[in-house]
Amino acid sequence: MVQKYQSPIRVYKHPFELVMEAYERRFPTCHLIPMFVDSEVLEETESEDGSVHNVQRRCKLDVDAPRLLKRIAGVDYVYFSQENTLNKRERTLHIESHNETFSNRVIIHELCSYSAHPENEDWTCFEQSASLDIKSFFGFESTVEKIAMKQYASSIKKGKEIIEFYLNQLEEEGISHVPRWTPSLDAPSSSVTTKPLADATQSENQTGTPDDKLDADYIKRYLGDLTPLQESCLIRLRQWLQESHKGKIPKDEHILRFLRARDFNMEKAREILCQSLTWRKQHQVDYLLETWTSPQVLSDYYTGGWHHHDKEGRPLYILRLGQMDTKGLVRALGEESLLRHVLSINEEGLRRCEENTKVFGRPISCWTCLVDLEGLNMRHLWRPGVKALLRIIEVVEANYPETLGRLLILRAPRVFPVLWTLVSPFIDENTRKKFLIYAGNDYQGPGGLLDYIDKEIIPDFLGGECMCEVPEGGLVPKSLYRTAEELENEDISLWTETIYQSASVFKGAPHEVVLEIIDAASVITWDFDVCKGDVVFHLYHSKRAPQPPRKDPLVGQHSSITTPGGNNVQLIDKSWTLGLDYSMVESPLTCKEGESVQGSHVTRWPGFYILQWRFHTMPGSASTNLPRVDDVLASLQVSSHKCKVMYYTEVIGSEDFRGSMTSLESSHSGFSQLSHATSNHSQSSSMISR
């Protein structure tokens, strides 16, 4: 497996020329890097005008590895080749290095770049990327990988310190300025240009723009202290989202929460993050704070609310669960309203974390919850109420990971272990570690509430002096109860009622949607997310109406398939011939897992237009009947040959296309509250945009 690393941009608040003077002091050896034993210059060239200086070195490293491993490998030192290209005119230094030792077994490739800051010419930027690919190593592949990653992470951490050390050394020597390079009047101009920095695992034309990158100082200020490898995971996942979602990028704090929830396993974090973003989009959660109005019964009887902050600056939420009539709230409101209310609390928590980060000048990404169980009894174990609680926990765990910094459970009664036994299996292990449980008045003693909350803001009902505006609760009047039929008819389900529909796509069984067009100049618009697998999107036209799915009298089944992940409907009759019974009006579009696709088509003829999502089969190699390795690996990623899409379509008149609030130009299909920016797609008459 190839291990990758991508650094944030690190900024030295010194001019480029002075940083280069400090950099050169690292050679031929550096006492600050014990493993860097020696280096020798193999070749040195300079352009005619002196603006470009190229140096090729051979570096000797003493890797900190077990002696036994070195004896088995038969080496004491590891050698690397390094090529430095300094462009004094452009004020850039590009460094490319790779290993010579064991190059047939281990491939290490590193790219580094120093450049003048784009917004402040007296500052210098630095970034680097690297890849490690261990083919084989005498059966010690895993050990070598761990050693390499540990040593590399250590050297990254020291990198900035080393430059700062030599900058201070220069200052002590009275060198605070190095003049910029200027061409001599009689020197010929140089046409040599240096290569741009690329990811060590990508081609050189796939670099991101400066706006796509993160500054190390920004990470420390707003996201906290991360290890180099954690920074790399954040940057790489962010880049993947930029490529897949085209501007609908969740905020960095949100991406980081999902990475932390999966111990910075990027693949696992990406999977749950994409599922959550799809859920947010499907149920319009981004607009919950603007659209959700709490019913009066919740305002009167829901015993929870925000209350200042804890000693670490985290927003503090207080829930007097023991005083809450859970049965009455469920009977009066229904499960869905309670769930929406809890989601609005979490959305408000995210907003308060951002505010407190600005107020306290340090990263605050989670909140503290204080739960008072005084009054908890067996009526709180009412089965529908516990069911609603478990569902709420499931939704919050999936979509708001690492938002709970600490949970203080106070005055736990004897019945609490019963409730804990019911709910604890549904709570993530990392979350459970944040629970502190106090029985009786234990919270008033050492290690209690005062360790986490300032005395001035301890609520009055817990013996403090601060008035708390959380409702006292009480029993919900039975006159407010509603029948099961009323709740079923009036509830707006977060799961079922949505403008988006889900569909499953199988190998050999595409999903199809038919739209009847009366006016020739109508506009068909679509917006869909590929939630799982890769699909090919087609748009067809037919003068004949496809027959709806019919029941097969022989097998007693429909030609449509219903699965937990969505329906699968096939409309194009197998006897139809492409070009005769129906025609293709848009070129096929291959869509990868995780992509969001929006597009439109101005119809030329009335009739029936069929939108089709087909399972994408990887093409085999033309020169051999054997499948390629890449094809096999790609096919393994789609379990059971099943894909899943979530889509929305609309037909509007051409004269209303630009003004329609649900057209592609104005639809809110992005994750707006979680995004830094939502891209606006300019649609032409027949265009698919991703």
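Going by the structure above, here's the rest.
Described in the following lines is the structure provided in the data block. Quick caveat, the model's predicted, so the values are computed rather than measured.

### Topic: the overall build of the protein
Piece 1. The secondary structure content of the protein amounts to 16 helices and 26 strands.
Piece 2. When the 690 residues of the protein are sorted by exposure, 49% land in the buried category.
Piece 3. Pairs at least 24 apart in sequence give 76% of the contacts found in the protein among residues at least 6 apart.
Piece 4. Entry remark: accessible area of the protein is about 35,400 Å², with carbon and sulfur atoms responsible for 51%.

### A closer look at helix 7 (residues 266–282)
Piece 1. Over its 17 residues, helix 7 extends 24 Å from the first C-alpha to the last, a length consistent with the 24 Å expected when each residue adds 1.5 Å.
Piece 2. Of all 17 residues making up helix 7, 13 are buried, and the element is well covered by its neighbours.
Piece 3. Put simply, Asn-265 is the residue that caps the front of helix 7, since its side-chain oxygen is 3.2 Å from the backbone nitrogen of Glu-267.
Piece 4. Backbone geometry just downstream of helix 7 places Gln-284 in the positive-phi region, at approximately 55°.

### Re helix 4 (residues 216–223)
Residue pairs three or four apart in sequence face the same way in an α-helix, which turns once every 3.6 residues.
Piece 1. Those residues of helix 4 not exposed but buried are Ala-216, Ile-219 and Leu-223. Viewed along the axis of helix 4, the buried residues span an arc of 75°, placing them on a single side of the element.
Piece 2. Against strand 2 (10–12), helix 5 (228–245) and helix 6 (252–261) lie the buried residues of helix 4.
Piece 3. The N-terminus of helix 4 is capped by Asp-215, whose side-chain oxygen sits 2.7 Å from the backbone nitrogen of Asp-217.

### Remarks on the pattern of salt bridges
For side chains bearing opposite charge, pairing can occur when the charged atoms are close.
Piece 1. For the coordinates displayed, the defined rule picks out 28 salt bridges.
Piece 2. A salt bridge links Arg-406 to Glu-312, with the nearest nitrogen and oxygen atoms 3.2 Å apart. In this pair, Arg-406 is assigned in strand 12 (residues 404–412) and Glu-312 in the loop between strand 9 (304–309) and strand 10 (315–319), connecting sequence segments 94 residues apart.
Piece 3. Under the relative-accessibility criterion, Arg-406 is labelled buried at 14%.
Piece 4. The class for Glu-312 is partly exposed, based on a relative accessible area of 36%.

### Concerning the pairing of strand 24 (residues 607–615)
Piece 1. Here strand 24 lies mainly inside the structure; eight of its nine residues are buried.
Piece 2. Here seven bridges tie strand 15 (residues 511–517) to strand 24, and the two strands are oriented antiparallel to one another. Residue pairing across strands places Val-513 opposite Leu-611, the latter belonging to strand 24.
Piece 3. Relative to strand 24, strand 17 (residues 535–542) is paired through eight bridges, and the arrangement is antiparallel. In the strand pairing of strand 24, Leu-539 is matched with Leu-611.

### As for the sheet that holds strand 15
Piece 1. Pairing within the open sheet is antiparallel, and its four strands lie in the order 15-24-17-22. Single-partner strands in this sheet number two, and they are strand 15 and strand 22 (583–591). Sheet twist, expressed as the average angle between the axes of neighbouring strands with direction ignored, equals 15°.

### As for the environment of Glu-336
Piece 1. Positionally, Glu-336 belongs in helix 11 (residues 335–360).
Piece 2. C-alpha of Glu-336 to C-alpha of Ala-388: the two residues are 52 residues apart in sequence and 8.8 Å apart in space.

### Quick word on the nonpolar core
Piece 1. Tyr-302, Leu-329, Leu-338 and Leu-373 are the most contacted members of the largest nonpolar core, which totals 50 residues.
Piece 2. Elements represented by at least two residues in this core include exactly helix 9 (296–301), strand 10, helix 10 (326–333), helix 11, strand 11 (367–372), helix 12 (383–399), strand 12 and helix 13 (416–423).
Piece 3. Leu-18, Val-19, Ala-22 and Phe-36 belong to the second-largest nonpolar core, a separate cluster that totals 27 residues.

### So, the pairing of strand 5 (residues 78–87)
Piece 1. With eight of 10 residues buried, strand 5 lies mostly within the body of the structure.
Piece 2. Where strand 4 (residues 52–61) and strand 5 come together, 10 bridges link them in antiparallel fashion. If you follow His-53 over to strand 5, its bridge partner there is Leu-86.
Piece 3. Between strand 5 and strand 6 (residues 92–99), which follow one another and run antiparallel, lie four residues, and Arg-91 among them has a positive phi close to 60°.

### Details of the packing of aromatic side chains
Piece 1. Tallied over the entire structure, the rule returns 19 aromatic pairs.
Piece 2. Judged by centre distance (5.0 Å) and plane angle (80°), the ring pair of Phe-102 and Phe-137 falls under edge-to-face. Residue Phe-102 is found in the loop between strand 6 and strand 7 (106–116), and its partner Phe-137 is found in the loop between strand 8 (124–134) and helix 3 (141–172); the two are separated by 35 residues along the sequence. You'll find Phe-102 and Phe-137 in the same group, each marked buried.
Piece 3. Taking 5.2 Å as the distance between ring centres and 75° as the angle between the ring planes, the aromatic pair formed by Phe-165 and Tyr-166 counts as edge-to-face.
Piece 4. Connected via pairs of aromatic rings, a cluster forms that spans Tyr-12, Tyr-23, Phe-27, Phe-36, Tyr-114 and Phe-126.
Piece 5. Here the guanidinium or amino end of Lys-60 rests over the ring plane of Tyr-77, the centre of that ring lying 4.2 Å away.
Piece 6. The ring of Phe-461 carries Arg-320 above its face, with NZ or CZ at 3.9 Å from the centroid.

Thresholds applied
- Residues numbered from 1 in each chain as written.
- Predicted model: local features only at pLDDT ≥ 70, side-chain atom pairs only at ≥ 80, totals over all residues.
- Heavy atoms only, no water.
- Helix = DSSP H or I, 4+ residues; strand = E, 2+ residues; numbered from the N terminus.
- Buried < 20%, exposed > 50% of the residue type's maximum accessible area, 1.4 Å probe, protein only.
- Contact = heavy atoms within 4.5 Å.
- Areas by Shrake-Rupley, 256 points an atom, 1.4 Å probe, with all protein chains shown as cover.
- Expected span 1.5 Å × (residues − 1).
- Polar contact = N/O pair within 3.5 Å; in protein donor to acceptor, adjacent residues only side chain to side chain.
- Arc of directions from axis to C-beta.
- Salt bridge = Lys/Arg side-chain N within 4 Å of Asp/Glu carboxyl O.
- Pairing = 2+ DSSP bridges.
- Axes fitted to C-alpha atoms, helices over the stretch in contact; angles between N-to-C directions.
- Core = buried A, V, L, I, M, F, W, Y, C linked by side-chain atoms within 4.5 Å.
- Phe/Tyr/Trp six-rings, centres within 6.5 Å; stacked < 30°, edge-to-face > 60°.
- Lys NZ or Arg CZ within 6 Å of the ring centre and 35° of its normal.

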